[in-house]
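# Structural description and commentary
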Amino acid sequence: MSLTTLLSTVGPGWVAFLSPELASRMQFGWTISVHIIFASLSIGLAPFIIYFTWKDVRTSEQRYARLRSFWVKVFAAGFVMGTVTGIPMSFQFGTNFPQFAEVAGELIGGPLAFEAKMAFFLEAVFLGVLLYGRDRVGDRTYLISSVLVGFGAWLSGFWILIVNAWMQTPRGYEMVTRNGVEIAKLTDPFAAFLTPRMPWMYVHMMNASVISVSLLVAGVSAYIIWKKPDTDVWNTALKLAVVLLIVSAPLQAVHGDAYGRHVEDTQPQKFAAMEAHYETGQADLHLLAFPRSLEALTDPRAENLITVSLPAIGSFLASGGDFEAEVIGLNEYEENPPVALVFWSFRFMVGLGFLFIGLALWGGYLTYRGRLSDSTRYLRTMIAASPLGYAALLTGWYVTEIGRQPWVIQGELRTNEVVSSTLTGTEATLTLVGFVVVYVGLMLTALYVLKWLVREELQALGVRESSEGRWHGPIPGVSDDD
Amino acid sequence: MTDLLLPVDAYLVEWLPEIWFGAVLFALGMYVILDGFDFGIGILYATRTDEHERETLLAAFGPVWDANEVWIVAFGTMLLAAFPRVYSRLLADNYLLAIGFVLALVFRGVGPELREQRDDEWWKRYADYAFVGGSVFAPLLFGMLAGRWLFGEATLPVVLTGIGLVAVSIATGAAFLAAKTEPGLASELHAYGIGATLAYLGGVVVLLGVVVLTDAGGAADTVLSLPVAAVVVLSVTVGLGGSVLARHGQYRAWLASALMLPTLLTILVAVLLYPTIYPPTGLLVREAIVSPLALNLVTVLGFPVLLLVLWYFKFLYGVFSGPIEGEGYRG
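A few words now on the side chain of B:D66. Here B:D66 shows up in helix α3 (residues 65-82). Under the relative-accessibility criterion, B:D66 is labelled buried at 8%. Excluding residues within four positions of it along the chain, B:D66 makes contact with A:F79, A:V80, A:T83, A:A124 and A:L127.

Given below as structure tokens:
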């Protein structure tokens with residue numbers, strides 16, 4: 001479907017509303033983008049909180065109680081935002097894509113209900129204990145509560161990705177007609193829930209969350225250390241974040257490489273879009289590519305690219321070692337995803353992934369030399385890098401989701417077939433605007449909450465605030481070189 | 001699929017579709033009861049101007065509301081898992097109500113979270129607007145959504161259902177607070193609770209009267225049946241009895257009776273629906289249910305977990321039982 005048919009002009013003359021399909025897709029894409037940031041914050045913070053709580057309970061050292069208290073507050077704010085952005089999502093399958101809910105209900109309903117019952121309740125109930133119950137329950141119960149909250153967050157991801165993995169590589173069902181509608185009937189739960197994609201997605205997503213949060217914790221710690229150099233508390237947090245980054249960042253690259261081959265096997269169209277590979281045959285690897293005209297930016301078949309490429313490396317990566325391997329090109333398909341978006345999102349994600357490995361190695365070297373908290377250059381870099389994990393995570397998600405288009409269930413059901421037939425362009429556009437405004441407010445709020453928590457912490461550490469509202473720490477005892 | 005332990009072509013027990021109809025309404029009832037008193041607290045919050053009292057109200061629901069709210073997700077996903085067609089039709093047919101409801105929940109959810117972040121009057125005022133506004137509109141719109149489910153497009157019954165849910169939320173919120181706060185505040189709140197209870201009971205009677213007169217949603221005959229009469233009589237008895245208990249300062253007993261009102265309301269919804277599950281389409285429970293294998297699976301995996309969840313709630317409310325200590329949203 002071309003952009004002009006997606007954009008309909010049903011407004012009162014001076015205003016053009018989007019088509020229900022485009023507005024619904026943008027709305028879902030937008031709400032999941034915001035939700036995913038908060039959901040992965042919970043997943044990534046879980047190991048930090050469990051570790052700090054465990055050390056607090058075991059050693060009774062003040063610094064662990066302090067770190068736990070700080071990061072549990074961030075977790076709680078993120079959880080509230082995750083909940084309030086997650087509830088609309090659980091409704092959007094019905095409000096915007098009812099045919100998808102109806103066709104796939106037997107396959108997706110179970111896992112989504114299990115997510116609510118097994119994971120979401122666990123997280124919410126024991127978060128109440130973790131936040132308010134330090135003086136009301138014993139040490140052991142308190143520690144168990146932190147583990148259950150973390151377990152809930154990781155289990156939640158498990159059930160959600162079962163649903164998404166099924167949409168990528170659907171199995172375990174047959175199409176039957178019921179009440180006059182063709183629906184997917186569950187025939188094999190093991191096949192449907194444990195799809196080939198599931199383990200790939202789960203490892204990649206959980207690890208991406210750990211990377212993102214490690215960068216965030218490292219950035220916040222670096223900022224506080226930068227302001228107040230001699231703080232043991234935050235040196236501990238920075239070191240832990242760097243250690244987690246050293247483990248998680250290289251793992252993501254190794255895993256991502258193998259994951260790419262799996263995508264080539266199971267969703268060749270998506271793989272071809274990731275590489276902007278049009279002609280079936282030997283594939284080059286495009287390091288850089290630009291459309292020849294601006295129009296091509298919005299053209300779903302943006303094939304007129306000027307490229308800087310490594311010959312045959314695409315085949316090598318796709319096959320796991322064969323430079324001659326044949327890779328299926330986009331020209332084999334009648335309809336393709338918006339190639340430019342998928343192609344660039346993929347490059348952005350991979351580029352950031354290598355940057356994170358560099359940051360991890362640099363941090364490892366400084367730790368080895370015992371100068372992690374002393375290098376102003378590293379501290380400043382980590383402050384700047386703190387949001388980048390989320391940028392990589394979101395662009396990775398766009399590769400996965402936009403790369404699957406035009407299918408909502410790969411090879412079975414198209415996205416344009418599942419949009420509500422009763423939804424008008426006006427309703428869909430206005431609610432899209434509502435979601436954009438409200439969710440921008442939510443994200444700004446989350447950032448302010450983090451800022452205030454950091455300010456509170458700096459105050460507690462005795463860093464003064466000048467009349468201009470800027471922070472001035474004591475004379476920094478750090479060197480300018482590393 | 002040959003070697004499954006579960007029967008593939010038949011429901012585990014003959015009544016499994018009906019059991020799931022009950023389970024979905026159970027989740028709905030838990031939501032209306034538990035988040036209901038949260039909404040009530042949010043609405044009553046507007047009547048308090050004293051900072052200490054406001055902090056006390058926030059502390060009353062702080063540890064539990066996250067968990068309470070999950071019941072709406074449980075309800076939605078259980079409806080999707082068991083009756084996907086009802087889920088998709090209900091939400092698609094009532095798009096703006098559903099989106100309005102979830103946006104109200106967003107405001108209600110972030111209001112208290114924002115409030116505690118800054119000690120500045122302007123900031124707190126706007127955070128409070130979000131909290132109170134969300135607390136009024138969430139039950140109003142959710143009630144209207146339920147009204148559309150029951151009565152289709154009949155405007156007056158739909159609006160009355162929404163207002164009824166707001167009233168019953170205020171009644172349970174007042175009773176919950178009275179049972180957990182000091183006598184001074186409790187005695188001020190019980191007047192609101194009694195007023196809301198009477199308004200709710202009056203509203204239910206008017207609503208059912210309108211339904212009988214207009215046959216909204218084709219429910220006139222059902223309303224005149226014995227089960228509905230029993231629910232109405234019980235509601236009136238419990239409501240009036242609770243009001244007397246409130247006047248005499250028996251706040252714990254009042255809370256117990258107040259929580260019966262949303263319970264009975266959910267039973268009323270079940271009676272009005274069954275054996276159809278979505279009157280506007282005339283779909284019966286047994287027509288809308290998923291196939292045996294899918295339902296057996298969510299039963300075997302889901303029901304034990306549901307029991308575990310109820311145990312979690314018992315534990316959570318146990319940890320935070322007794323009068324509110326200290327103040328502040330974050331304890």
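A word on the interface of chain B and chain A. Each partner contributes residues to the interface: chain B has 67 residues there, and chain A has 67 residues. Between chain B and chain A, roughly 6,000 Å² of surface is buried when both sides are summed, and carbon and sulfur atoms account for 77% of that area. Counting every contact that joins chain B to chain A gives one salt bridge. Here A:E102 makes a salt bridge to B:R85, at a shortest N to O gap of 2.7 Å. Along the contact surface separating chain B from chain A lie eight residue pairs in polar contact (both at pLDDT 80 or more). Those elements giving two or more residues to the side of chain B that touches chain A turn out to be α3, α4 (84-93), α5 (95-115) and α13 (292-319) of chain B. Tallied by class, the residues present in the side of chain B that touches chain A amount to 50 nonpolar, nine polar and eight charged.

Attention now goes to the packing of aromatic side chains. In this structure the tally under the stated criterion is 49 aromatic pairs over all chains. Pairing A:W362 with A:Y378 gives two aromatic rings, centres 4.8 Å apart and planes at 75 degrees, and the pair type is edge-to-face. Of this pair, A:W362 sits in helix α11 (residues 339-368) while A:Y378 sits in helix α12 (residues 376-385), and the two are 16 residues apart along the sequence. Its relative accessible area of 23% is what places A:W362 among the partly exposed residues. Residue A:Y378 is classed as buried on the basis of its relative accessible area, which comes to 0%. Here B:F75 and B:W149 contribute two aromatic rings whose centre-to-centre distance is 6.1 Å and whose plane-to-plane angle is 40 degrees, an arrangement assigned as tilted. One end of the pair, B:F75, is in helix α3; the other, B:W149, is in helix α6 (residues 121-151), with 74 residues separating them in the sequence. With respect to class, B:F75 is no different from B:W149; both count as buried.

Among the nonpolar cores identified, the biggest contains 285 residues, and A:W71, A:W234, B:W71 and B:F83 are the most heavily contacted of them. With 23 residues, helix α4 (residues 98-132) of chain A is the largest single contributor of residues to this core.

For the rest of this paragraph, the subject is a nonpolar patch on the surface. There is a patch of nonpolar side chains on the surface, built from B:L12, B:V13, B:W15, B:I19, B:Y274 and B:V300 and spanning about 520 Å² of accessible area. Look at B:Y274 and you get partly exposed, because its relative accessible area is 37%.

Residue and element names in this part refer to chain A. Running from amino to carboxyl end, helix α3 (residues 62-95) crosses helix α14 (residues 425-460) at an angle of 175 degrees, the nearest separation of the two axes being 10 Å. Considering their axes alone, α3 and α14 lie roughly antiparallel with respect to each other. For the pair formed by α3 and α14, the contact residues are R66, F70, K73, V74, A77, M81, V84, T85, P88 and Q92 on the first element and F435, Y439, L442, T445, A446, V449, L450, L453, V454, E456, E457 and A460 on the second. In terms of residue class, the contact of α3 with α14 is built from 15 nonpolar, three polar and four charged.

Another point: empty space enclosed by the protein. All names here are of chain B. Enumeration over the complete set of coordinates arrives at eight cavities of 30 Å³ or more. Looking at the largest cavity, its volume works out to about 270 Å³. Residue lining of the largest cavity: 22 residues in total, with A146, T161, L165, L265 and V269 positioned closest to the centre. Secondary structure elements with two or more residues in the lining of the largest cavity: α1 (16-44), α6, α7 (155-180), α8 (183-214) and α11 (251-273). No other element matches the six residues that α11 contributes to the lining of the largest cavity. Tallied by class, residues from the lining of the largest cavity come to 17 nonpolar, five polar and no charged.

Each regular strand carries side chains that alternate between the two faces of the sheet. Residues and elements named next belong to chain A. Where strand β1 (residues 173-178) lies against strand β2 (residues 181-186), six bridges are found, and the strand directions are antiparallel. Note on β2: the bridge partner recorded for M175 is A184. Taken together, β1 and the strand that follows it, β2, pair antiparallel across an intervening segment of two residues, in which N179 is found at a positive phi of about 50 degrees.

Conventions and cut-offs
Residues numbered from 1 in each chain as written. Chains lettered and ligands numbered in written order. Predicted model: local features only at pLDDT ≥ 70, side-chain atom pairs only at ≥ 80, totals over all residues. Heavy atoms only, no water. Helix = DSSP H or I, 4+ residues; strand = E, 2+ residues; numbered from the N terminus. Buried < 20%, exposed > 50% of the residue type's maximum accessible area, 1.4 Å probe, protein only. Contact = heavy atoms within 4.5 Å. Buried area = accessible area lost by both parts, 1.4 Å probe. Salt bridge = Lys/Arg side-chain N within 4 Å of Asp/Glu carboxyl O. Polar contact = N/O pair within 3.5 Å; in protein donor to acceptor, adjacent residues only side chain to side chain. Nonpolar A, V, L, I, M, F, W, Y, C, P; charged D, E, K, R; others polar. Phe/Tyr/Trp six-rings, centres within 6.5 Å; stacked < 30°, edge-to-face > 60°. Core = buried A, V, L, I, M, F, W, Y, C linked by side-chain atoms within 4.5 Å. Patch = residues over 30% accessible without salt bridge, like charges linked within 9 Å, V, L, I, M, F, W, Y side chains within 5 Å. Areas by Shrake-Rupley, 256 points an atom, 1.4 Å probe, with all protein chains shown as cover. Axes fitted to C-alpha atoms, helices over the stretch in contact; angles between N-to-C directions. Parallel < 35°, antiparallel > 145°, perpendicular 65-115°, else oblique. 1 Å grid on protein atoms, 1.4 Å probe; cavity = no way out; pocket = protein on both sides within 12 Å on 5 of 7 lines; lining within 4 Å. Points joined across faces, edges and corners; volume = space filled by probe spheres on them. Pairing = 2+ DSSP bridges.

Taken by themselves, the reported measurements are silent on function.
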